[in-house]
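Descriptive analysis of the structure
This is what each chain is made of:
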Amino acid sequence: MDRYTEQRLFGLLARGAAALVVAVMVLVISVTIYRGGRVFLMDPTIVITPPGSRYMLEGDGGFLHAVLGSIFIVGPATIISAVLAVSTAIYLQSDYSSERFSDTVNMFLNVLWGTPPIVYGVFVLTVIIAIGARTSMFFGIVAIAIFQYPIMTRYTDEALRSAPDSVKEATYGLGATRFETALMTARAALPGVIAGIVMGFARGIGDAATVLFTAGRSTNMPAGPFDGATTLPVLIFDQAMSFNAEVRSHAYAASFILIIAVLGLILVSKLLAGRYARYAPGGRHS
Amino acid sequence: MTTNTALTTKDLSVTYVGDREVEALKGVSIDFSANQLSAIIGPSGCGKSTLLKSLNRLHEIQPNVEISGDVHLGDQSVYNTDEPVPKLRKRIGYVPQTPTALPLSIYENVAYGVKLHGEYDSKNELDALVESYLQKVNLWDEVEDRLETPGAELSTGQIQRLCLARSLAVEPDVLLCDEVTSALDPISAESVEETLVDLKEEYTIIMVTHSMEQAQRIADDVVFLYLGEVIEENDVQTFFQNPEKERTKKFIDGDTIVEYDESDDDSPSEAVPAER
Amino acid sequence: MGGSTDSGSQNRLGRRLLTERVSGYWLQGAGYFAIVLFALIVLALLYQSLPLLSEYSLVQMLTSSNWDPAQNQFGFLPAIVGTVYVTALTMIMGTPIAILAAIYIAEYAEGRTKTLVSSFIDVLAAIPSVIFGLVALIVVVPFVGDYLAPAVGSSATGLGIFTVSLVMAIVVTPFMISLSVESLEALPDELRESSLGVGATKWETIRIVLLRAAGPGIFSAVLLGFGRVFGATIVPAMLIGGQTHLPSSPFATGQTLPTLIVNDFGELMSLPLTQSALIFVGLMLIVVVWLFNFSAMILRQRLQQRWQF
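No experiment lies behind these values; they were computed from the predicted model shown.

Further remarks concern the overall build of chain B. Each helix and strand counted, chain B has 11 helices and 10 strands in total. Relative to its length of 276 residues, chain B is compact, with a C-alpha radius of gyration of 19 Å against a globular reference of 19 Å. With respect to the principal axes defined by its C-alpha atoms, chain B has extents near 55 × 40 × 40 Å. Within chain B, buried positions represent 57% of all 276 residues. Carbon together with sulfur atoms contributes 42% to the accessible area of chain B, which is approximately 11,600 Å² in total. Computed over 23 positive and 53 negative side-chain charges, the separation of the two mean positions in chain B equals 3 Å.

For the structure shown, the criterion picks out 22 aromatic pairs over all chains. Seen in terms of ring centroids, phenylalanine 224 of chain B and phenylalanine 251 of chain B are 4.6 Å apart; in terms of plane orientation they differ by 20°. Their pairing is stacked. With a gap of 27 residues between them, phenylalanine 224 of chain B in strand β9 (residues 221–226) and phenylalanine 251 of chain B in helix α10 (residues 246–252) connect regions that are remote in the sequence. Accessibility assignment for this pair places phenylalanine 224 of chain B and phenylalanine 251 of chain B in one class, buried. When the centroid spacing of 5.7 Å and the interplanar angle of 70° are considered together, the rings of tyrosine 56 of chain C and phenylalanine 74 of chain C count as edge-to-face. Here the residue tyrosine 56 of chain C occupies a position in the loop between α1 (3–55) and α2 (58–63), and phenylalanine 74 of chain C occupies one in strand β2 (residues 73–74), the gap between them amounting to 18 residues. By relative accessible area, tyrosine 56 of chain C is classed as partly exposed at 23%. Ring pairs connect the aromatic residues Phe224, Tyr226, Phe239, Phe240 and Phe251 of chain B, which therefore count as one cluster. Positioned above the aromatic ring of tyrosine 108 of chain C, the side-chain terminus of lysine 202 of chain C is 4.5 Å from the ring centre.

Once that is clear, we can look at the interface of chain C and chain A. Taken residue by residue, the interface counts 81 residues in chain C and 84 residues in chain A. Interface area, chain C with chain A, both sides summed: about 7,500 Å², of which 78% is carbon and sulfur. Arginine 207 of chain C is the salt-bridge partner of glutamate 6 of chain A, the closest N and O atoms lying 3.6 Å from each other. In this structure, the connection of chain C to chain A is made through 13 residue pairs in polar contact (both at pLDDT 80 or more). In terms of residues, the side of chain C that touches chain A owes the most to one element, α1 of chain C, which gives 21 residues. Split by residue class, the side of chain C that touches chain A holds 59 nonpolar, 13 polar and nine charged.

As a further point, take the side chain of lysine 90 of chain B. As for its position among the elements, lysine 90 of chain B is in helix α2 (residues 85–91). On the basis of relative accessibility, which here comes to 15%, the residue lysine 90 of chain B falls in the buried class. At 3.1 Å, the side chain of lysine 90 of chain B and the backbone oxygen of valine 170 of chain B are in polar contact. Ignoring anything within four residues of it in the chain, the contact list for lysine 90 of chain B reads His117, Glu119, Val170, Glu171 and Pro172 of chain B together with Val198 and Gly199 of chain C.

Turning our attention to helix α6 (residues 156–168) of chain B. For α6 of chain B, with 13 residues, the first-to-last C-alpha span of 18 Å sits near the 18 Å given by 1.5 Å per residue. Extensive coverage of α6 of chain B is indicated by the burial of 12 of its 13 residues.

Residues and elements named next belong to chain B. In spatial order, the strands read β6-β7-β8-β3-β9-β10; together these six strands make up an open sheet with mixed pairing. With partners counted over all chains shown, the strands left at the sheet margins are β6 (92–95) and β10 (229–235), one partner each. Each strand of the sheet is rotated relative to its neighbour by a mean of 20°, with strand direction disregarded. In the sheet, strand β3 (residues 37–41) pairs with β9 via four bridges, with the strands oriented parallel. By the bridge assignment for β9, isoleucine 40 is matched with valine 223. In the packing of α6 onto the sheet, contacts are made with β6 and β7 (174–178), and the angle to β6 comes to roughly 170°.

Residue and element names in this part refer to chain C. Under the domain assignment used here, chain C contains domain 1 (3–55) and domain 2 (63–306). Using only C-alpha atoms to locate each centre, domain 1 and domain 2 end up separated by 36 Å. Facing 12 residues of domain 1, the contacting portion of domain 2 comprises 12 residues. Carbon and sulfur atoms make up 84% of the surface buried where domain 1 meets domain 2, a total of about 970 Å² over both sides. Counting the surface domain 1 buries against domain 2, the share from its top three residues, Leu45, Gln48 and Leu52, is 50%. Joining domain 1 to domain 2, the criterion identifies zero salt bridges. Along the contact surface separating domain 1 from domain 2 lie three residue pairs in polar contact (both at pLDDT 80 or more).

What follows covers the pairing of strand β4 (residues 65–73) of chain B. Residues and elements named next belong to chain B. As paired elements, strand β1 (residues 5–17) and β4 share eight bridges and run antiparallel to each other. Each residue of the ladder has a partner; that of lysine 10, found in β4, is aspartate 70. In this sheet, strand β5 (residues 76–77) lies alongside β4 in antiparallel orientation, the contact comprising two bridges. Among the inter-strand pairings, leucine 73 is bridged to a residue of β5, identified as glutamine 76. The antiparallel hairpin formed by β4 and β5 contains two residues in its connecting segment, where glycine 74 sits at a positive phi of about 60°.

Definitions and limits used
Residues numbered from 1 in each chain as written. Chains lettered and ligands numbered in written order. Predicted model: local features only at pLDDT ≥ 70, side-chain atom pairs only at ≥ 80, totals over all residues. Heavy atoms only, no water. Helix = DSSP H or I, 4+ residues; strand = E, 2+ residues; numbered from the N terminus. Rg over C-alpha atoms; globule rule 2.2 N^0.38 Å. Buried < 20%, exposed > 50% of the residue type's maximum accessible area, 1.4 Å probe, protein only. Areas by Shrake-Rupley, 256 points an atom, 1.4 Å probe, with all protein chains shown as cover. Lys, Arg positive; Asp, Glu negative; His and termini not counted. Charge placed at Lys NZ, Arg CZ, Asp CG, Glu CD. Phe/Tyr/Trp six-rings, centres within 6.5 Å; stacked < 30°, edge-to-face > 60°. Lys NZ or Arg CZ within 6 Å of the ring centre and 35° of its normal. Contact = heavy atoms within 4.5 Å. Buried area = accessible area lost by both parts, 1.4 Å probe. Salt bridge = Lys/Arg side-chain N within 4 Å of Asp/Glu carboxyl O. Polar contact = N/O pair within 3.5 Å; in protein donor to acceptor, adjacent residues only side chain to side chain. Nonpolar A, V, L, I, M, F, W, Y, C, P; charged D, E, K, R; others polar. Expected span 1.5 Å × (residues − 1). Pairing = 2+ DSSP bridges. Axes fitted to C-alpha atoms, helices over the stretch in contact; angles between N-to-C directions. Domains from an automatic or database assignment.

Following this line, the structure appears as structure tokens:
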């Protein structure tokens, strides 16, 4: 094979690979939207109807419990995780940390980022066992917050690093303290910071493995923070393997809601991120 | 001119058609003489790099470029041809502004092009080739005992000479050099300049430079490019001592600031195509 | 300046300095959080694994294929083999496609196509895996069960190692692609110009120069993809069939380490040793991830050294 044939061949292969990936993705999204959308549009009230007493067996009622569970678990988790992540990211900037320290922390953040979500679930479960508690919404929040923390920290750190140095210099020049300067830098990098938080939110709302053993697989409406709860991904996971067609169809409807929520959030994040959409060497993103 | 012509451009125009249209070259016709060192000078953003890259179609790696006119290498057309572009580029080599070692060993850097074109019969021949080209750019003595180390571990000046060796190893007819000394310290720059002067015995060299002193020191011919047009093309003596055009004179006298004022803000810049 | 304003500004300065000090402690705490969290996770998992580890020999558990918690038999081999099987198959299917697609986006695509394809793939990297699992149940499982497996002379329901690998390949490729594209695009144009300038073709430039120069980044991308497959829980749990035995063929059902936890948790949590065994699986996962990250870091540095430009 001569050089030019080889060049054409691999050009085609690269094109083909990209087309394949895009095609598969279009398939996944359209199947979800088509099948889920059909179930959802036939009876949109299932989203706001509480589950019946035999919901997981016969699909009576709706899955409001999982919708609310997702909101009540991922919402607070995102807030807690965002506060922690932004603080960590500020501390990793050169004003507070030596390069060596921030390298070390980054190494741990990398490991945490690569840690399978189920490990966080099991970790929180060991805590639950140790203090003799039961699975509940509260522990779901803790597990999701831990899961989101490395993701958000990465993004925030990245955004802060790309804030112009002149902001820092100008603020110090006015006699600001380190903390005041840090706040100003965070403000300058706000779109990137918010993009990171929204991305963390999107990842949190889609994860099932962390919630499975921490908030439980409750089929009742959430009653309080120390009561069992469930989220949409866990619900879909449980419903998907049901033998009842009605229950399975609810899984598609729930996927429809979930994919719309996640795509919407990511779109918001991308729009906000704009020029902050680049990541540091060794950094990763979803 | 006494020597024969190696490379000719005929009414060469290059337009960047990105978000806004920028005419980088407006109908440039130049004859570059064989075995001479031709320098292209002009204020920054006048299209020097564009001209150089369009001589071997390297600008094509950027999207949104439109070109008209033609370039001839001897009898061979560069644009209206069925010959694969790589074959053309083998005959018209290019050395970029930033000293760039390929992610290969010193040896493999020099052997890179030779291996691609398969122009050797045995390992010994290749070894000999690599040695001779490293000799030619005066690098052999410095790297002789560490040919297997990554090329990037050399100093910038050494890397630039490595780049020269890499380009020469495929035996081009013409060598295009884009401000090859601008990223170097004065001492390395001097040694690269000396190498270039030695090389013009065997090759046609076309170099872009922003330094008039450098053009005066080493060039035989000078092309003055201004806002995408050739203002004057002359041998180095005439160009600097007795220029034909008023604008050349102004430029030589260091009147570049006036030149900028005359130009509108949309003057084409070498950085116009979005960086990849 | 009057004395009162003086003391006023003095007060304000005091307050500001107090804020600075208090916030300093808080931020420092947050700065150490990642390290503390990691240590806590490892210690908690280790502590809860102790009952199992003190009872049985580690080597014996890792090499035994007999998993029957009700009879106090804890052989992790089937799940380990299943995990290795799934991960290997996934990477074999996913990596070449991911790298080729990344090359297309970074080196071939232009203008609007490029923006469109690359942002599309970026977005897809964040779609919840449970959705992939669900779609796979409708599309991939029947396909594998009715066509693919019989075609290679294997009878299967469609649930199994191969199905999981195929779906996981779909889940991780967008992720590997967007990271690889980033490292390719970060390369200076001079590399391309230098290589093309001596008469290399575009493909030769990509294969010999660009893939090396971006090698450390692509290597990381692949390893991160690997980590995701290795610890994937939801997709395998939905599609692997959940039977703890040594898989006999790619179409056989099986178990991975994470699915072992999911499938055996509910009913067996009441048995303390089983509980300990499943938590030990979590410990294995994090230790492997840690070892992996560590060796990846070292290898990456080596590659960077070797393929610098």
